[in-house]
Amino acid sequence: MIQYLIQEIKKKEAPIVVGLDPMLDYVPSFLLEESIKKYGETLEAAGDAIYQYNKGLIDAVADLVPAVKPQIAMYEQFGLPGLEAFQKTTKYAKEKGLVVIGDVKRGDIGSTSKAYANGHLGHVTIQNTVCRGFDEDFITVNPYLGIDGIQPFMDVCKEEKKGMFILVKTSNPSSGEFQDQLVDGKPLYELVGQHVAQWGEECMGESGYSYIGAVVGATYPKMGEVLRKIMPKTFILVPGYGAQGATAKDLKPYFNEDGLGAIVNSSRGIIAAYKKPEYREWGEEGYAEAARQATIVMKEDLLQNALSE
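What you see is a predicted model, and the numbers here were worked out from it, not measured in a lab.

Caption draft 1: Structural detail: the packing of aromatic side chains. Going through the model one piece at a time under the given rule, you end up with seven aromatic pairs. Put simply, the rings of Tyr75, Phe86 and Phe134 touch in pairs and so form one group of aromatic residues. Taking NZ or CZ as reference, Lys169 lies 4.4 Å from the ring centre of Tyr220, over its face.

Caption draft 2: Seen up close, the state of the cysteines. According to the stated counting rule, one finds zero disulfides in the structure shown. In this model Cys203 remains outside any disulfide bridge; the closest cysteine sulfur is found in Cys157, 7.1 Å from its own. Cys203 sits in the buried class, given a relative accessible area of 1%.

Caption draft 3: Region of interest: the sheet that holds strand 3 (residues 99-106). Strand order in the closed barrel made by the eight strands is 1-2-3-6-7-10-11-12, with parallel pairing throughout. Adjacent strand axes in the sheet meet at a mean angle of 30° when their direction is disregarded. Judged from the three bridges that link them, strand 10 (residues 210-216) and strand 11 (residues 234-238) form a sheet pairing that is parallel. From the neighbouring strand, Ala214 faces strand 11, where its bridge partner is Ile236. Here helix 7 (residues 147-160) sits on the sheet and contacts strand 3, strand 6 (138-141), strand 7 (163-169) and strand 10; the angle it forms with strand 7, its principal contact strand, is near 145°.

Caption draft 4: Spatial organisation of the pairing of strand 7. Within strand 7, seven of the seven residues are buried, which leaves it mostly tucked inside the rest of the structure. As paired elements, strand 6 and strand 7 share four bridges and run parallel to each other. Its bridge partner lying in strand 7, Val141 is registered against Ile166. Each parallel crossover has a hand, and for strand 6 linked through helix 7 to strand 7 it is right-handed. Here strand 7 runs beside strand 10; their pairing, made up of five bridges, is parallel. In the strand pairing of strand 10, Lys169 is matched with Val216.

Caption draft 5: Up close: the packing of helix 6 (residues 110-120) against helix 7. Direction vectors running N to C along helix 6 and helix 7 enclose 35°, while the axes themselves pass 8 Å from each other. The handedness of the crossing between helix 6 and helix 7 comes out as right-handed. In this structure, helix 6 contributes Gly110, Ser113, Lys114, Tyr116, Ala117 and Asn118 to the contact, and helix 7 contributes Asp148, Gly149, Pro152, Phe153 and Val156. Grouping the amino acids of the contact of helix 6 with helix 7 by side-chain chemistry returns five nonpolar, four polar and two charged.

Caption draft 6: Quick peek at helix 7. Look at helix 7: 19 Å from first C-alpha to last across 14 residues, which is about the 20 Å you get at 1.5 Å a residue. Along helix 7, the residues that are buried comprise Gly149, Ile150, Pro152, Phe153, Met154, Val156, Cys157 and Glu160. Each element contacted by the buried residues of helix 7 is listed here: strand 3, helix 6, strand 6, strand 7, helix 9 (188-201) and strand 10. Just past helix 7, the residue Lys161 takes up positive phi, approximately 60°.

Caption draft 7: Summary view of a negative patch on the surface. Taken together, the side chains of Glu33, Glu34, Glu284 and Glu285 define an acidic patch exposed on the protein surface. Within the element layout of this structure, Glu284 appears in the loop between helix 11 (268-271) and helix 12 (287-305).

Caption draft 8: Layout of the packing of helix 3 (residues 43-61) against helix 5 (residues 79-95). For the pair helix 3 and helix 5, interaxial distance at closest approach is 8 Å and the crossing angle is 20°. As judged from the angle between their axes, helix 3 and helix 5 are roughly parallel. Seen from above, helix 3 lies across helix 5 with right-handed handedness. From helix 3, Leu43, Glu44, Gly47, Ile50, Tyr51, Asn54, Lys55, Ile58 and Asp59 reach across to helix 5, where they touch Pro81, Ala85, Lys88, Thr89, Tyr92 and Ala93. The class makeup of the residues in the contact of helix 3 with helix 5 is eight nonpolar, three polar and four charged.

Caption draft 9: Structural view of the pattern of salt bridges. Here the structure, examined in full by the defined rule, presents 17 salt bridges. For the salt bridge of Lys96 with Asp59, the shortest nitrogen-to-oxygen distance reads 3.5 Å. Of this pair, Lys96 sits in the loop between helix 5 and strand 3 while Asp59 sits in helix 3; the two residues are 37 residues apart in sequence, bridging distant segments of the chain. Judged by its relative accessible area of 40%, Lys96 falls in the partly exposed class. Taking the shortest distance from any N to any O, the salt bridge between Glu202 and Lys158 comes out at 3.4 Å. Of this pair, Glu202 sits in the loop between helix 9 and strand 10 while Lys158 sits in helix 7, placing them 44 residues apart in sequence. Judged by its relative accessible area of 32%, Lys158 is partly exposed. Connected via shared salt-bridge partners are Lys94, Arg132, Asp135, Asp137, Glu160 and Lys162.

Caption draft 10: Structural detail: the nonpolar core. Membership of the largest hydrophobic core comes to 99 residues, with the highest contact counts inside it found for Val18, Met164, Phe235, Leu251 and Leu302. Setting aside chain neighbours within four positions, we find Val18 in contact with Val61, Val65, Ala67, Val68, Lys69, Asn265, Ser266, Ile270 and Ile271.

Reading the values: rules and limits
Residues numbered from 1 in each chain as written. Predicted model: local features only at pLDDT ≥ 70, side-chain atom pairs only at ≥ 80, totals over all residues. Heavy atoms only, no water. Phe/Tyr/Trp six-rings, centres within 6.5 Å; stacked < 30°, edge-to-face > 60°. Lys NZ or Arg CZ within 6 Å of the ring centre and 35° of its normal. Disulfide = S-S within 2.5 Å. Buried < 20%, exposed > 50% of the residue type's maximum accessible area, 1.4 Å probe, protein only. Pairing = 2+ DSSP bridges. Helix = DSSP H or I, 4+ residues; strand = E, 2+ residues; numbered from the N terminus. Axes fitted to C-alpha atoms, helices over the stretch in contact; angles between N-to-C directions. Contact = heavy atoms within 4.5 Å. Right-handed = clockwise from strand over helix to strand, strands pointing away. Left-handed = near helix turned anticlockwise from the far one by under 90°. Nonpolar A, V, L, I, M, F, W, Y, C, P; charged D, E, K, R; others polar. Expected span 1.5 Å × (residues − 1). Patch = residues over 30% accessible without salt bridge, like charges linked within 9 Å, V, L, I, M, F, W, Y side chains within 5 Å. Areas by Shrake-Rupley, 256 points an atom, 1.4 Å probe, with all protein chains shown as cover. Salt bridge = Lys/Arg side-chain N within 4 Å of Asp/Glu carboxyl O. Lys, Arg positive; Asp, Glu negative; His and termini not counted. Charge placed at Lys NZ, Arg CZ, Asp CG, Glu CD. Parallel < 35°, antiparallel > 145°, perpendicular 65-115°, else oblique. Core = buried A, V, L, I, M, F, W, Y, C linked by side-chain atoms within 4.5 Å.

So, in C-alpha cells, the structure goes:
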C-alpha cells in the first residue's frame, strides 16, 4: 500500500491528506436538517449528516489528493451511528481510489493490539467466512507500550500489505511534557524515531520506503529535520499545517531530496473552508467547492514553498 500511496502522490503532484474530522457544527445546516427530517434529533441523524457531508467532500477532492484521514473520535462521539458513518466513509473513499489513513491512535498489549489490527487493517474469520471491519489502508499507532504493542500491527501489515504511522513527535503544544524528556542525553522522540526506523527495516516496500511510517508534527520543524535524518526511509505523516500554525516553508525538512517521504494533513482548513472569509462566496451549499479550492491553494503552496529547490 505504501507503493500505491507514493504512486498517487506522484500522479497528483500533491503530498496531501485531507483530514475528515467532522465536528457537527462543520456540517452545513441544510444537510443536518435533511437528516433530522428522516431520523429526528437523534444520533442516527448526526451519523447520516456526517456521511453525506463526507461524500460531498470526497467527491470534490478525489482527483486532487491521494488520501483522506478520518479521525475516529469525531465519529465515536455519535455512538454506533457515528461508527457506521466512519465505516461507510472509509468504503466510499476507497471506491474513489483514495488511500484511507484511519486516525485511531491505537496501542495496547499484544492480544489487544492484535484485535485492533484485525478490526482496522485485517480481518476475522467466522467459521468459513472472512469478514473485514473498518478496513483502512493505514492507521495511526501509539508506541508507548514498546514492541509488544507494535509487533501485532506489523504482523497484520505484512499479511495485508498495509501500513501504519507511529506517533513520534506530535503537533500539540504540550507534547514536550513527555516526548522532549531526555533519555541518555537525547529527547525521547529521537529514541522513538530510532525504533521506528529499525522496525521499518523489516517492512520495506519496492519504493525504498517502509510501510511503517511516523507521525511528526509540522509545528516543530527543527525536530522534524533531526527526525528526517534518523528515519531516512520512513514516510512521515505531518499534522499541524494551516490551522495549527505551521507554514509550507516549515515543511521543507520533512521531505527527502526525491521530493517524497512526507504527506501533509489539513483538516478543518479544507473541510470547513466555506466558513473562512476567502471562501464565503460559495456559501453553505457550496461547501464542497470551497473545500476543493482550499485544496488547490494548499497544493500550490506546498509546491512553491515546501518542494521547490
